[in-house]
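Okay, here's what each chain looks like letter by letter:
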Amino acid sequence: PDLAPDLVVVGAGFFGLTIAERCAAELDLKVLVLERREHLGGNAWSEADPDTGIEVHKYGAHLFHTSNAKVWEYVNRFTDFTGYQHRVYSQHGGEVYPLPINLGTINQFFRSAHSPAQARELIAEQASELGGKEPENFVEKGVSLIGRPLYEAFIAHYTAKQWQTDPEKLSADIITRLPVRYTYDNRYFNDTYEGLPVDGYAAWLERMADHPNIEVRTGVDFREHREEYVGRVPVVYTGPVDEYFDHDEGRLSWRTVDFEREVVDTPDFQGCPVMNYPDADAPYTRIIEFRHFHPERDYDSEQTVIFKEFSRFAEDTDEPYYPVNTPEDRAMLMRYRDRAKAEDNVLFGGRLGTYKYLDMHMAIGSALSMFENKLRPHFADGEALTSGGVDA
Ligand code: FAD
Ligand code: UDP
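Residues numbered from 1 in each chain as written. Chains lettered and ligands numbered in written order. Predicted model: local features only at pLDDT ≥ 70, side-chain atom pairs only at ≥ 80, totals over all residues. Heavy atoms only, no water.

For ligand 2, the set of nearby residues contains 16 residues, the closest of which are F154, T159, W163, Y188 and N276. R177 places a side-chain nitrogen or oxygen 3.2 Å from an oxygen atom of ligand 2. Within the side chain of N276, a nitrogen or oxygen atom sits 2.8 Å from an oxygen atom of ligand 2. Protein chains shield 93% of the accessible area of ligand 2, which is 520 Å² for the free molecule. Looking at which element gives the most residues to the shell around ligand 2, the answer is helix α5 (residues 138-163), with 7 residues. A breakdown of the residues in the shell around ligand 2 according to their chemical character gives 11 nonpolar, 3 polar and 2 charged. (Near = heavy atom within 4 Å. Polar contact = N/O pair within 3.5 Å; in protein donor to acceptor, adjacent residues only side chain to side chain. Areas by Shrake-Rupley, 256 points an atom, 1.4 Å probe, with all protein chains shown as cover. Helix = DSSP H or I, 4+ residues; strand = E, 2+ residues; numbered from the N terminus. Nonpolar A, V, L, I, M, F, W, Y, C, P; charged D, E, K, R; others polar.)

Below you can see the structure in the form of structure tokens.
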């Protein structure tokens, strides 16, 4: 049915679908969602592996976690969650260590039985090369957190493979995503709520779009239709911000990941969902074995499916995954933000629209804020939809 939309959303990822769902359900707006891929859901999409039936995350492993009670309540309207807790192991020098760096990692690495206080003292001494200087980039931050030897073993080569960028040019934020713990707790995330959608990401994402006021058109690229909508109807754009402006200010740099899929003739390849390879001799950064994300499921397969991950700079036709965010990128982003602010009736959001690494809960949380702070005031109270800004 051809409904004349009240709002056009570009991109059917978590950000776009949250906007669409809220506007349709709360404000009774007719929302048209344009998605250039052949399926909705953005990068969180998952599907059954054709050979094994195991649910695979097509664009990289996605683990849901949040401490935001509002977001947790919201997502639970569309799916139940399993009790999955993420844990990661790391294979260095022919041994397997627990991540994130914790007392178990430290004691195994140094062949010691340090107490938490002794381990803190050891790491503080090994971080002392900074001489109390405030860490300014990725390397300094890493060394300040875990000392040089652990940094070299678990971080330096992994990061070189992942980013292929001089780590002195990488932002310190990237490393602070990983906790360092002086206990044996090896849960990867610190968040209050965690789990995986009981019947998969695809079912969750499809339920968000399942509303009579929402039409999702897949296989449609907004770039070929912008004149039909821009200036005529409010648009929430979650595609790449530089692409919206035809790269006039330059191309923001992204990393992409190639996934090498293998079906292995064993019911269990590595005994855990994620094994990192922080040494220089393995060309991949990590191996994901998807069946371990759902130990509660009865996957009836004698085979297992694994993805090896290879990271590299994204070319024009690649999927942009991780913003590189060098100082040059940040300067360029400022120019795009100014232009985005001047774009009346177009709001920019999501991971690509803001050039920010957003976890799912952050993308959803930021969409809920855009709905409450911009879209509801506009549609319910007639406020102007201006100065959306990239940083909405
Ligand atoms: P996206 O999901 O990227 O959706 C944007 C959509 O817009 C895409 O479907 C795209 O095709 C579409 N689009 C773009 N341009 C156009 C256009 N011109 N016309 C039409 N459609 C267009 N988060 C977690 O919380 N936990 C994790 O474990 C996790 N792991 C991740 C692993 C990887 C490898 C990556 C890349 C991300 C991971 N994330 C994870 C982050 C998660 O994917 C994002 O938070 C989420 O995808 C953000 O949703 P979004 O809607 O902003 O963007
Ligand atoms: N990292 C690392 N070694 C590891 C895991 C992570 O050096 O074994 C670094 C790497 O630079 C990575 C960052 O920490 O980009 C953040 O890790 P995270 O697991 O959050 O990365 P993601 O899952 O987003 O790729």
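All right, on to the side chain of T79 then. Considering the arrangement of structural elements, one finds T79 in the loop between α2 (69-75) and β6 (88-92). For T79, a relative accessible area of 3% puts it in the buried group. Residues within four places of T79 in sequence aside, it is in contact with P197, V198, D199, W204 and R207. (Buried < 20%, exposed > 50% of the residue type's maximum accessible area, 1.4 Å probe, protein only. Contact = heavy atoms within 4.5 Å.)

What follows is about the packing of aromatic side chains. Considering all chains together, one arrives at 33 aromatic pairs under this definition. Relative to Y284, the ring of Y277 has its centre 5.2 Å away and its plane inclined at 85°; by these criteria the two rings are edge-to-face. Look at Y277 and you get buried, because its relative accessible area is 14%. Note that R37 overlies the ring of Y59, its terminal NZ or CZ placed 3.9 Å from the centroid. The side chain of R177 reaches across the aromatic face of Y357, ending 4.3 Å from its centre. (Phe/Tyr/Trp six-rings, centres within 6.5 Å; stacked < 30°, edge-to-face > 60°. Lys NZ or Arg CZ within 6 Å of the ring centre and 35° of its normal.)

On to the pairing of β6, then. On β6, burial follows the alternation: V88, S90 and H92 on one face are buried, whereas Y89 and Q91 on the facing-out side are not. Where β6 and strand β7 (residues 95-99) come together, 5 bridges link them in antiparallel fashion. By the bridge assignment for β7, Q91 is matched with V96. One ladder, built from 3 bridges, connects β6 with strand β12 (residues 274-276); its direction is parallel. Considered in β12, the bridge of Y89 is made with M275. (Pairing = 2+ DSSP bridges.)

Attention now moves to empty space enclosed by the protein. In this structure the tally under the stated criterion is 1 cavity of 30 Å³ or more. Volume-wise, the largest cavity comes out at about 80 Å³. What lines the largest cavity is L99, P100, I101, L145, I146, I155, I175, L178, P179 and V180. Broken down by class, the residue content of the lining of the largest cavity amounts to 10 nonpolar, no polar and no charged. (1 Å grid on protein atoms, 1.4 Å probe; cavity = no way out; pocket = protein on both sides within 12 Å on 5 of 7 lines; lining within 4 Å. Points joined across faces, edges and corners; volume = space filled by probe spheres on them.)

Our next topic: the pattern of salt bridges. Summed over the entire model, instances satisfying the criterion amount to 30 salt bridges. Taking the shortest distance from any N to any O, the salt bridge between R36 and E243 comes out at 2.9 Å. One end of the pair, R36, is in the loop between β2 (31-35) and β3 (46-48); the other, E243, is in helix α9 (residues 241-244), and 207 residues separate them in sequence. Residue classification places R36 among the partly exposed positions, given a relative accessible area of 39%. Residue E243 is classed as buried on the basis of its relative accessible area of 13%. Salt-bridge contacts for D51 lead to R261; the nearest nitrogen and oxygen are separated by 2.6 Å. (Salt bridge = Lys/Arg side-chain N within 4 Å of Asp/Glu carboxyl O.)

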